[in-house]
Amino acid sequence: MLTVKDLYASVEEKEILKGINLKVNPGEVHAIMGPNGSGKSTLASIIAGREGYSVTNGSVTFEGKDLLSMSPEDRAREGIFLAFQYPVEIPGISNATFLKTAVNEIRKYKGLEELDAMEFLALIREKMKIVGIDQTLFSRPVNHGFSGGEKKRNEIFQLAVLDPKLAILDETDSGLDIDALKIVANGVNVFKQQSKEKAVIVVTHYQRLLDYIVPDYVHVLYNGRIVKSGTKELALELEERGYDWIKEENNIPASTK
Amino acid sequence: MSTEIKTIEKMANTEYKYGFVTDIEADEAPKGLNEDIIRFISAKKGEPEWMTQWRLKAYRHWLTMKEPSWQNVKYSPIDYQDIVYYSAPKQKKKLNSMEEVDPKLVQTFDKLGIPLEEQKILAGVAVDAVFDSVSVATTYKEKLSELGIIFCSMSEAIKNHPDLVKKYLGSVVPYTDNFFASLNSAVFSDGSFIYIPKGVRCPMELSTYFRINAENTGQFERTLIIADEGAYVSYLEGCTAPMRDTNQLHAAVVELVALDNAQVKYSTVQNWYAGDVNGVGGIYNFVTKRGACRGKSSKISWTQVETGSAITWKYPSCILQGDNSIGEFYSVALTNNMQQADTGTKMIHIGKNTRSTIVSKGISAGRSQNSYRGLVKIGPKAEGARNFSQCDSLLLGDKCGAHTFPYLEVDNPTATVEHEATTSKIGEDQIFYLNQRGIKTEDAVNLIVNGYCKEVFKELPMEFAVEAQRLLSVSLEGSVG
């Protein structure tokens, strides 16, 4: 589904990613872990198409298509969803207008008919239950004045409504209490269970979220490189031992890896 | 730098959608301005002597005045002797129906989507179309006249309703008012005249489309709307203009009068040609719009969506004379490329318990400069007067400017005046967020801008609101979105 090959990228001359290789197949859950500044969010951003990064080498393909040459909106329409670490506030646009536009843009791209207001509301009602979003939140401006927890729930709500193929959760767990964490995780699991094809990349700092969203693979990103891959046990090990031993193992400069 | 800026640049290259020139032989005055020209205009229009004299008085007063320079706009000096002050499409005889109208003219209206035709009439819009300077067709007049409503061109009103014109013309904006209003009083070509008799609620939105044609012809529209006691009228004004290389001066005057318990709602969608990316060839729009709430509990409401003109200088105002009268001003002013706008309102509270609301939304893109200038004046006798003002600015890109000049003069201690102002910028992170949900940048900017303008759009009559939204996105095509 998603193939990242030997990806090098930098921001303002500073190299952040130094040869990332990652393959995500349909139905898989991958966790990407690592200390602050290791490049996790950069990787998520580049996949989603955020500006300001220059890819200096390598490729990213999604279902065989070259992602890097695609506009961010086309990537979204192809089925990539990024749950933002910091969901953006957009005053003046209601969640309803925003989501209806998004749903219909994606449907148009797929050659499907646009939903009318009634059909859209029916879809919304069904999805609202999943993340416990209520009507008032839905009619408020996008993320405007939302609490941290509400913002994250709104991301997962959008995930449910837009129904992509691949969901990338960028530190969605940060700033959540345990109850909110469970709601978010449940939302992701519901998304996942809809079909065997749905894939998830969980970018996180902590093992905590992985108790609820169980990964098939865990990768440790350090200094712009995946330095260790394993199964969910690796996450537990990291939880126990911290990242220091990873850092020590990898203190020798790049070229040896 | 960002997608946003690139989009602005890309869109700036979009050609003005309504840029075409109608080839109709104009019946023009020679260039320049003097008393003979004024007599020529007046004679051409078959005006009575009192009107000619009024124009001449205005002209003589104008000669003593200086062009204002306090506004926050820049333009090269206007040569008032290099302007043609009268131009009319040739009309051989009085027209009784649309079939008799020059087909080229009708084509032009069609291109602009002007609802002069049957289907639009069915939609309930009576249209008094002003093409260049003379009204060429008026519809639905009969139905309105059954109710005693007068809706005609100013020229006709001067001939057929001289008493009303004499009583009200210049009563809100005197010919001595300001440089451009005086000029207009001297040379005004045509415009709309509306009179709603006592207790009549006008059953439809009245609308006029103005269109500048014929090169180097200044347009000097003059509109007068009177709502007698207990009357109600909603009036729509919309403009588009063809592409031009030389700047065109547009100095209109609009006067509204509301007597006891009367209401006038005046909505404008203004889309004069704004010039090219460098600002060459756009319209100078120097307009005096003022309403007098003369009667008790009367109400005047201005709603404007300003997207066009190279330079806009315009302050639709309300004089709240009657006790308990209400003035409202809702405005969206969008500037792009090299456009300059200095616009706002004046709310003059004279009567007791008068109330006013100002909601101004400025949007600046490209290298444009957008200024809000507003005055709230509470007179010594305006016991319990209240004003609420909200002035918001939205910046698209980092080369444009937004300015706010609110003036407050309060001479009564019982008055309440509130002012709120915000400035925001459409951020790259907002655009990316919307992109990531499958919405392309243009649509993302439109969504944000429309959301921002919602408070004003909801004041517009339904179909006008739709048009206004469309116009904003067309205008942002040349800018951001």
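Structure first, text after, so check above.
Keep in mind that this is a model prediction, so the values were computed, not measured.

Peer 1: Please explain unusual backbone geometry as it appears in this structure.
Peer 2: A negative phi holds for most residues other than glycine; trans holds for most peptide bonds. Residues and elements named next belong to chain A. For Asp6, which is not glycine, the phi dihedral falls at a positive 45°. Mapping Asp6 onto the fold places it in strand β1 (residues 2-11). Note on Asp6: relative accessible area 34%, which makes it partly exposed.

Peer 1: Would you mind going over the packing of helix α4 (residues 117-131) of chain A against helix α6 (residues 148-162) of chain A with me for this structure?
Peer 2: For any two helices packed against each other, the geometry is given by the interaxial angle and the distance between the axes. Residue and element names in this part refer to chain A. Where α4 meets α6, the closest approach of the two axes is 9 Å, and the angle between their N-to-C directions is 135°. The angle between α4 and α6 places the two elements in the oblique class. Relative to α6, α4 is oriented so that their crossing is right-handed. Note on element contacts: α6 touches α4 through Arg153, Ile156, Phe157, Ala160 and Val161, opposite Leu123, Ile124, Lys127, Met128, Ile130 and Val131.

Peer 1: Just to check I follow, could you spell out the packing of α6(A) against helix α7 (residues 178-193) of chain A for this structure?
Peer 2: Residue and element names in this part refer to chain A. Contact geometry for α6 and α7: axes closest at 10 Å, N-to-C directions at 10°. Judged by the inter-axis angle, α6 sits roughly parallel to α7. Contacts from Lys152, Arg153, Ile156 and Leu159 in α6 reach Ile183, Val184, Gly187, Val188 and Phe191 in α7.

Peer 1: Just to check I follow, could you spell out the sheet that holds strand β4 (residues 54-62) of chain A for this structure?
Peer 2: Each strand in a sheet pairs with another by means of backbone hydrogen bonds, the pair being arranged parallel or else antiparallel. Residue and element names in this part refer to chain A. Strand order in the open sheet made by the four strands is β2-β1-β4-β5, with antiparallel pairing throughout. Among the strands making up the open sheet, the edge pair consists of β2 (14-24) and β5 (65-66). The pairing of β1 with β4 spans seven bridges and is classified as antiparallel. The residue of β4 that forms the bridge with Tyr8 is Asn57. Across the sheet, helix α1 (residues 40-48) lies against β1, β2 and β4, angled at about 70° from β2, the strand it touches most.

Cut-off values and rules
Residues numbered from 1 in each chain as written. Chains lettered and ligands numbered in written order. Predicted model: local features only at pLDDT ≥ 70, side-chain atom pairs only at ≥ 80, totals over all residues. Heavy atoms only, no water. Helix = DSSP H or I, 4+ residues; strand = E, 2+ residues; numbered from the N terminus. Buried < 20%, exposed > 50% of the residue type's maximum accessible area, 1.4 Å probe, protein only. Axes fitted to C-alpha atoms, helices over the stretch in contact; angles between N-to-C directions. Parallel < 35°, antiparallel > 145°, perpendicular 65-115°, else oblique. Left-handed = near helix turned anticlockwise from the far one by under 90°. Contact = heavy atoms within 4.5 Å. Pairing = 2+ DSSP bridges.

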